[in-house]
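# Tertiary structure, described
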Amino acid sequence: MSRRVLILAHTGREESLKAAWEACAQLHASGIVPVMQKSELGDMVRFFGQLDQPVEVLHDHVKLPDVELVMVLGGDGTILRAAELVREVDVPLLGVNLGHVGFLAESERADLAQTVEWVASRQYTVEERMTIDVQVWVRGQKIWHTWALNEAAIEKGNRERMLEVVTEVDERPLTSFGCDGVVLATPTGSTAYAFSAGGPVVWPEVEALLIVPISAHALFAKPLVVSPRSRLAVEILNRTDAQGVLWCDGRRSVDLPPGARVEVTRSATPVRLARTHQTPFSGRLVRKFELPIQGWRGPVPQTDAIHTGPVPVVRTLRPSRGLPTPPRHAEPSAEPPFAEPPSADPGAPTDPSTVK
């Protein structure tokens, strides 16, 4: 059976169209059938003309569960769109960054040919990223249910009015405050909106949920990291008539009237990301954020490889005459005591016979 890879690109950009055309050609040359969505394939044909290699159309020629991998050409927004597409199927995503930071992407535009080679030779691994389940309740009725890979962001609906909210962890109220919003994020989302709001960076393998207030007017309104088994909630208080809006991954939104309640728990369905590099997350942070690392000397050598000489013995001198000597309870030393010569009286005459 032929292997199939879905190419998902931001076809509104010329660079993305060129990358998609190259990826299709290289996949075909490697014996893999390229697959595209009908609208994106149409954009590419209008830009380049008829393609030299056959490309199958998703849903027309092949179903999504029959695809081995989704190669996403674009930034984090395109990867989030791809995550929506494969939400109900077990297909991993491999991002090739064509945007700015591209934190979710695995490789850069210059590495496209090498990435295709790795895919063709199956030199990639798959890791799972935790997602969250999001529900919105108004007057006891559930009005919205969705999910998010990065975050569920509660924001004020009007620029001139701040939101009055109360946060909740495990069905117990925590604190209330006025703010511009609250971000409920995953470890993957800790480097996205939550990071911009002052939240901590959490390593992807750490299972946790984050609560990050946005411009809060309160003494105790700091970012919190809680258990992944916790149930988080944010209620829009009725103190004012300020409206809110909930955004999930910056792609799906719903209005929040006063009294609305947003509940967030860990979702049972993760997002699967393909990895061609075994770079630690710290290396990804350095590369994506261009962090300064000048002066780093590397790990300390192992202790058994270090050869040291004998530890020097430091002897303590006795106090000078005229100062009280503490009582000695130990046995007298066999060595003669060290005594300093008496200090001369500055007012006494000097004996010439003692001067050498």
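What comes next is a walk through the structure. Along each chain, the written sequence defines residue order, and numbers are assigned to residues from 1. The predicted nature of this model means local features are confined to residues of pLDDT at least 70 and side-chain atom pairs, given and counted, to a pLDDT of 80 or more, with totals for whole chains, interfaces and linings taken over all residues. For side-chain calculations, the full set of non-hydrogen atoms in the structure is used, while hydrogens and water are omitted.

### Observations regarding the nonpolar core
It is characteristic of soluble globular proteins that their nonpolar side chains tend to be buried jointly. By nonpolar core we mean a set of buried residues, namely Ala, Val, Leu, Ile, Met, Phe, Trp, Tyr and Cys, connected to one another through side-chain atoms within 4.5 Å. Note on exposure labels: buried denotes an accessible area under 20% of the residue type's maximum, exposed denotes more than 50%, and partly exposed covers the range between, all computed with a 1.4 Å probe on protein chains only. With 31 residues, the main nonpolar core has Leu246 and Leu256 as its most contacted residues. Here this core gets four residues from one element, more than from any other, and that element is strand 8 (residues 132–138). Core analysis: the next-biggest nonpolar cluster, separate from the first, contains 27 residues, Leu17, Leu51, Val55 and Met71 among them. We count a stretch as a helix when DSSP gives it H or I for four or more residues in a row; a strand needs E for two or more, and each element gets its number in order from the N terminus.

### Focus on the side chain of arginine 275
Tracing the backbone through its elements, the reader meets arginine 275 in strand 20 (residues 271–275). Under this definition, polar contacts are N or O atom pairs within 3.5 Å; protein pairs additionally need one hydrogen-donor-capable and one acceptor-capable atom, and for neighbouring residues in sequence, both atoms have to be side-chain atoms. Within polar-contact distance, the side chain of arginine 275 engages the side chain of glutamate 106 at 2.6 Å. Contacts are assigned to residue pairs with any non-hydrogen atoms lying within 4.5 Å of each other. Ignoring sequence-local partners within four residues, the contact set of arginine 275 consists of Leu104, Ala105, Glu106, Gln123, Tyr124, Thr125, Glu127, Arg129 and Arg284.

### Some words on the packing of helix 1 (residues 14–29) against helix 2 (residues 38–48)
Orientation is described by lines fitted to C-alpha atoms, with helices fitted over the stretch in contact, and by angles between N-to-C directions that extend from 0 to 180 degrees. It is at 10 Å that the axes of helix 1 and helix 2 come closest, and there the two elements cross at 95 degrees. For the element pair helix 1 / helix 2, the angle class is roughly perpendicular. Contact residues: Glu14, Leu17, Lys18, Ala20, Trp21 and Cys24 in helix 1; Asp43, Met44, Phe47 and Phe48 in helix 2. We call Asp, Glu, Lys and Arg charged. Ala, Val, Leu, Ile, Met, Phe, Trp, Tyr, Cys and Pro are nonpolar, and the rest, Gly among them, are polar. Split into classes, the residues belonging to the contact of helix 1 with helix 2 amount to seven nonpolar, no polar and three charged. Working rule for angles: under 35 degrees goes down as roughly parallel, over 145 as roughly antiparallel, 65 to 115 as roughly perpendicular, anything else as oblique.

### Some points on the sheet that holds strand 8
Two orientations exist for strands paired in a sheet by backbone hydrogen bonds: parallel and antiparallel. Ordered in space as 9-8-19-16-11-12, the six strands form an open sheet in which the pairing is antiparallel. Among the strands making up the open sheet, the edge pair consists of strand 9 (141–148) and strand 12 (172–179). Within the sheet, the average angular offset between the axes of one strand and its neighbour, ignoring direction, is 20 degrees. As paired strands, strand 16 (residues 232–236) and strand 19 (residues 261–266) are joined by four bridges and run antiparallel to one another. Looking at strand 19, one finds that glutamate 235 is bridged to arginine 261. Here, strands pair whenever DSSP counts at least two bridges between them.

### Topic: a nonpolar patch on the surface
A cluster of nonpolar side chains, namely Trp21, Phe47 and Phe48, defines an oily patch on the protein surface of about 260 Å² accessible area. With respect to the helices and strands, phenylalanine 47 occurs in helix 2. Only residues whose relative accessible area exceeds 30% and that form no salt bridge are eligible for patches; like-charged ones are grouped when within 9 Å, while nonpolar side chains (Val, Leu, Ile, Met, Phe, Trp, Tyr) are grouped when within 5 Å. Residue burial considers only the protein chains on display, and all accessible areas are found by Shrake-Rupley using a 1.4 Å probe. Salt bridges, as used here, are contacts in which a Lys or Arg side-chain nitrogen is within 4 Å of a carboxyl oxygen on Asp or Glu.

### Regarding unusual backbone geometry
Phi at glutamate 171 is positive, roughly 65 degrees, even though this residue is not glycine. Position of glutamate 171 among the secondary structure elements: in the loop between strand 11 (163–169) and strand 12. Take glutamate 171: its relative accessible area is 58%, and that puts it in the exposed class.

### Focus on the sheet that holds strand 10 (residues 151–156)
If you trace the six strands from one edge of the open sheet to the other, you get 15-14-13-10-17-18, paired in antiparallel fashion. On the outer flanks of this sheet lie strand 15 (224–226) and strand 18 (252–256), each paired with one strand and no other. With strand direction ignored, the average angle separating the axes of adjacent strands in the sheet is 15 degrees. Two strands pair when backbone bridges link them, and strand 14 (residues 209–214) and strand 15 are joined in this way by three bridges, in the antiparallel orientation. Pairing of leucine 209 across the sheet is with valine 226, part of strand 15.

### Concerning the environment of isoleucine 236
Its place among the elements puts isoleucine 236 in strand 16. According to the relative accessible area criterion, isoleucine 236 is buried, its value standing at 2%. A C-alpha to C-alpha distance of 9.4 Å links isoleucine 236 and isoleucine 154, two positions 82 residues apart in sequence. If sequence neighbours within four positions are ignored, isoleucine 236 has contacts with Ile154, Leu163, Glu164, Val165, Ala242, Leu256, Pro257, Pro258, Gly259 and Ala260.

### A closer look at the pattern of salt bridges
Inspection of the entire model under this criterion finds 24 salt bridges. A salt bridge links lysine 38 to aspartate 60, with the nearest nitrogen and oxygen atoms 3.0 Å apart. Within this pair, whereas lysine 38 is found in helix 2, its partner aspartate 60 is found in the loop between strand 3 (56–57) and strand 4 (69–74), the two being separated by 22 residues in sequence. When salt bridges that share partners are traced, they join Glu106, Glu127, Arg129, Arg275 and Arg284 into one network.

### With respect to the environment of arginine 266
Within the element layout of this structure, arginine 266 appears in strand 19. A residue is classified by how much of its surface remains accessible, and arginine 266, at 37% relative accessible area, is partly exposed. Those residues in contact with arginine 266 that lie beyond four places of it in its chain are Met130, Thr131, Ile132, Asp133, Glu207 and Pro228. A polar atom in the side chain of arginine 266 sits 3.2 Å from the side chain of glutamate 207.

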